[in-house]
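Observations on the three-dimensional arrangement
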Amino acid sequence: MKNHSYRVLLFLFIGLSNLILSQQSFEEWRQLRDQGIEAFADEQNNYNENITRAYEQYIERENLEFENYKDRIERKWGKFKGSTPKKHVEYSEDLNGRSSVDFESGKVEVEVLIEDTESKRRSESSQLAEDKLKKQIEELISKESKENNLALKDQIATKNGQIVNKDNAKEFSKEVVSDASLKTSKVRSKDGKKRVVYTVTFNLLPDHIETRAKQFRNDILNQSKRFKVDPALVMAIMHTESNFNPKARSPVPAYGLMQLVPKTGARDAYLFVYGKDKLLNADYLFTPKNNIELGVGYIKKVRSIYFSKIKDEKSALFCTIAAYNTGAGNVAKAFTKKKKLGPAIKRINTLSTEQVYKKLTKDLPYKETKKYLSKVRERYEDYKEANDGQ
């Protein structure tokens, strides 16, 4: 769902959405669904204008605050390092410390800046760096999210195999720093001062991805049941989007476990789920329950509205996965070179499942989406097998 504007909303669906969500009959819903494809083709923009303006103002403020924050960091660190969907980067309050957690590889890097002055002996600088590193590691482990879950809960262990938590975080920080030969590198900061970066690294447990996934399993199952979406598909998409990192953020920006873009995909999903337009900020989308609800809701919308007339379930699955990443219009382009859904679906229904998959991996407009489809398909089969085995 990243990088692409879902400007298109269903004209009749919006007008009657509250009725649909209450007790509208299946036949009425089916008619509305069929009309939805034509509404998509007409590219009608039915977002509330006031909410659209509010989004534009919100994004403008966010961008301005981010640029100011980035400038402050670059004055000390020289180069800015920011979060990605797979890696969470966080700076200390005074901006002299930086923690990076790679939720894909499981590597944690902790850094501190120490001013390099002639009056300060190297031994003094090293001791100061060690003290700051220990404190930062402890804070990283002990920091609680808004839902009182530790960000790295059950994913770190001491040398003797004890799971690290708030109670033994201090002991673990000493273990990491004392065992490490501190890596150092000099930085010429933009404010003209000379600084030295002291770095230590440690690894999450080998099963860290599985451990995080378990934290969100109940919400995934509940929302999958609610929207009649295969939970294995939700798991595969979430794994590919964020590696189950609830703090995931891309430059788009897209937020959270399922990488929802506030102005487009998240807004589209909220409209589908609740029948009304609303400004959704980063805090709302970083909350796992909200993110999972809207992510699963969006999958449901793509399959049951945009691709409702695709006859083969597996073909519809591949198209839905691709559309989650790049939009339904770009999926249509892979088959007809145009974004109109009607002709594309007619073409899809003449092809076998594997022909549809090959066509998507060959002719989707973006290389990123081709790789995305392949990854999600592979992980979907894995999660499907795992779920069937339970």
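Residues numbered from 1 in each chain as written. Predicted model: local features only at pLDDT ≥ 70, side-chain atom pairs only at ≥ 80, totals over all residues. Heavy atoms only, no water.

**Some details on the environment of Lys135**
If you trace the backbone, Lys135 turns up in helix α5 (residues 122-142). Residue Lys135 is classed as exposed on the basis of its relative accessible area, which comes to 53%. For the pair Lys135 and Gly97, spaced 38 residues apart in sequence, the C-alpha to C-alpha distance is 9.9 Å. (Helix = DSSP H or I, 4+ residues; strand = E, 2+ residues; numbered from the N terminus. Buried < 20%, exposed > 50% of the residue type's maximum accessible area, 1.4 Å probe, protein only.)

**Observations regarding the nonpolar core**
Soluble, globular proteins show a tendency: their nonpolar side chains are buried together. Core analysis: the largest hydrophobic core is formed by 67 residues, its most contacted members being Leu233, Leu294, Phe307, Cys319, Val331, Phe335 and Leu360. When neighbours within four sequence positions are excluded, Cys319 is seen to be in contact with Phe307, Ile310, Val331, Phe335, Ile348, Val356 and Leu360. With 24 residues, the next largest nonpolar core counts Val108, Leu133, Phe172 and Val200 among its residues. (Core = buried A, V, L, I, M, F, W, Y, C linked by side-chain atoms within 4.5 Å. Contact = heavy atoms within 4.5 Å.)

**Quick notes on the packing of helix α14 (residues 328-336) against helix α15 (residues 341-348)**
For the pair α14 and α15, interaxial distance at closest approach is 9 Å and the crossing angle is 55°. Viewed along their axes, α14 and α15 adopt a mutual orientation that is oblique. As for how α14 packs across α15, the hand of that crossing is left-handed. Counting all contacts with α14, which are made through Ala328, Ala332, Phe335 and Thr336, the residues of α15 involved are Leu341, Pro343, Ala344, Arg347 and Ile348. By residue class, the composition of the contact of α14 with α15 is seven nonpolar, one polar and one charged. (Axes fitted to C-alpha atoms, helices over the stretch in contact; angles between N-to-C directions. Parallel < 35°, antiparallel > 145°, perpendicular 65-115°, else oblique. Left-handed = near helix turned anticlockwise from the far one by under 90°. Nonpolar A, V, L, I, M, F, W, Y, C, P; charged D, E, K, R; others polar.)

**A word on the sheet that holds strand β3 (residues 107-115)**
Within a sheet, neighbouring strands are paired by backbone hydrogen bonds and run either parallel or antiparallel to one another. Taken in spatial order, the five strands line up as β1-β2-β3-β5-β4 in an open sheet, and their pairing is antiparallel. The open sheet has two edge strands, β1 (87-91) and β4 (183-188), and neither has a second partner. Averaged over neighbouring strand pairs, the angle between their axes works out to 20° when direction is ignored. With five bridges connecting them, strand β2 (residues 97-102) and β3 associate as antiparallel partners. Among the inter-strand pairings, Ser100 is bridged to a residue of β3, identified as Glu109. Contacting β1, β2, β3, β4 and β5 (194-203), helix α4 (residues 49-77) crosses the sheet at an angle of about 70° to β3. (Pairing = 2+ DSSP bridges.)

**Some words on α15**
Residues Leu341, Ala344, Ile345 and Ile348 constitute the buried set of α15. Down the axis of α15, the buried side of the element spans an arc of 100°, and every buried residue falls inside it. (Arc of directions from axis to C-beta.)

**Some details on the pattern of salt bridges**
Counted according to the given criterion, the structure contains 18 salt bridges. With its nearest N and O atoms 3.2 Å apart, the salt bridge here joins Glu313 to Arg303. Residue Glu313 is located in helix α13 (residues 313-326), and its partner Arg303 is located in helix α12 (residues 288-306); the two are separated by 10 residues in the primary sequence. By relative accessible area, which is 53% here, Glu313 ends up exposed. Close ionic contact of Lys359 with Asp363 constitutes a salt bridge, the shortest N to O distance being 2.9 Å. Pair noted here: Lys359 and Asp363 are both in helix α16 (residues 353-363), with a separation of four residues, about one helical turn. Looking at Asp363, the relative accessible area reads 25%, which means it is partly exposed. (Salt bridge = Lys/Arg side-chain N within 4 Å of Asp/Glu carboxyl O.)

**Overview of the side chain of Thr320**
Inspection of the secondary structure puts Thr320 in helix α13. For Thr320, a relative accessible area of 5% corresponds to the buried category. When residues no more than four places from it in sequence are discounted, the contact partners of Thr320 are Ile299, Val302, Arg303 and Phe307.

**Concerning the packing of aromatic side chains**
Any aromatic ring pair is given by two values, namely how distant the centres are and how the planes are angled relative to each other. Summed over the entire model, instances satisfying the criterion amount to 10 aromatic pairs. Both rings, one in Tyr270 and one in Tyr284, keep their centres 6.4 Å apart while their planes meet at 75°; by these two values the pair is edge-to-face. On the criterion of sequence distance, the pair formed by Tyr270 in helix α10 (residues 265-274) and Tyr284 in helix α11 (residues 282-286) is long-range, its members being 14 residues apart. Of the two residues examined, Tyr270 and Tyr284, each falls in the buried class. When the ring of Tyr298 is compared with that of Tyr324, the centres are 6.0 Å apart and the planes differ by 75°; the resulting orientation is edge-to-face. (Phe/Tyr/Trp six-rings, centres within 6.5 Å; stacked < 30°, edge-to-face > 60°.)

**Overview of the pairing of β5**
Extensive coverage of β5 is indicated by the burial of seven of its 10 residues. The pairing of β3 with β5 spans nine bridges and is antiparallel. Each residue of the ladder has a partner; that of Glu109, found in β5, is Thr201. Here β4 folds back onto β5 in antiparallel fashion, the turn holding five residues, of which Gly192 has a positive phi close to 90°.

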